[in-house]
Amino acid sequence: IDGSKHVLTPERSIEIQEVLGADVIMAFDECPPAMSERSYMEPSLARTTRWLQRCVKAWKAGHP
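Predicted model only: the values in this text are computed from it and were never measured.

**Thoughts on the overall build of the protein chain**
Each helix and strand counted, the protein chain has two helices and zero strands in total. Against the globule reference of 11 Å for 64 residues, the protein chain gives a C-alpha radius of gyration of 14 Å, more extended than a compact globule. For the protein chain, restricting intrachain contacts to residue pairs at least 6 apart in sequence, the fraction spanning at least 24 positions comes to 46%. As displayed, the protein chain has an accessible area near 5500 Å², and 62% of this comes from carbon and sulfur atoms.

**Comments concerning the environment of serine 4**
Checked against the element boundaries, serine 4 lands in the segment before helix H1 (10-19). When its relative accessible area of 38% is taken as the criterion, serine 4 is described as partly exposed. Of the polar contacts made by the side chain of serine 4, one reaches the side chain of aspartate 2; its length is 2.7 Å. At 3.1 Å, the side chain of serine 4 and the side chain of histidine 6 are in polar contact.

The rules behind the values
The numbers attached to residues start from 1 for each chain and follow its sequence in the written order. The predicted origin of the model limits local features to residues at a pLDDT of at least 70 and limits the giving and counting of side-chain atom pairs to 80 or more, whereas totals for whole chains, interfaces and linings rest on all residues. Only hydrogens and water are set aside; all other atoms, that is, all heavy atoms of the structure, feed into the side-chain values. Helix numbers and strand numbers start at the N terminus; a helix is a DSSP run of H or I with at least 4 residues, a strand a run of E with at least 2. Two things to know: the radius of gyration comes from C-alpha atoms, and the globule rule equals 2.2 Å times the number of residues to the power 0.38. Pairs of residues are marked as contacts when any of their non-hydrogen atoms sit within 4.5 Å. Here the Shrake-Rupley method, with its probe set to 1.4 Å, supplies the accessible areas, and only the displayed protein chains count as covering residues. The buried label applies to any residue whose accessible area, calculated with a 1.4 Å probe on protein chains only, is under 20% of its type's maximum; exposed applies above 50%, and partly exposed to all values in between. Contacts described as polar in this section are N or O atom pairs within 3.5 Å, which, within protein, must combine one atom able to donate a hydrogen with one able to accept it, while residues neighboring in sequence count only if both atoms come from side chains.

Structural measurements only, silent on function.
Written as C-alpha cells, this is what we have:
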C-alpha cells in the first residue's frame, strides 16, 4: 500500500500463515508455462523443491 518493499522468504511465509491461523499452509512454487523448455523446467522444479524444504523446516521448528 505504501510502496515499501518486503522480502517474503519461505520461513516468513510460514510465519505469516501461522499468525493468520491458516488451516491449510502452503509453500510457494513456480508454475512455469506448460510448454516451457526443459532447460527452464529443471531449475524451476529445483527452486520449488528448495523452497518446500525450507517451509517444512520452518514449520517443524514451530511445532516441536
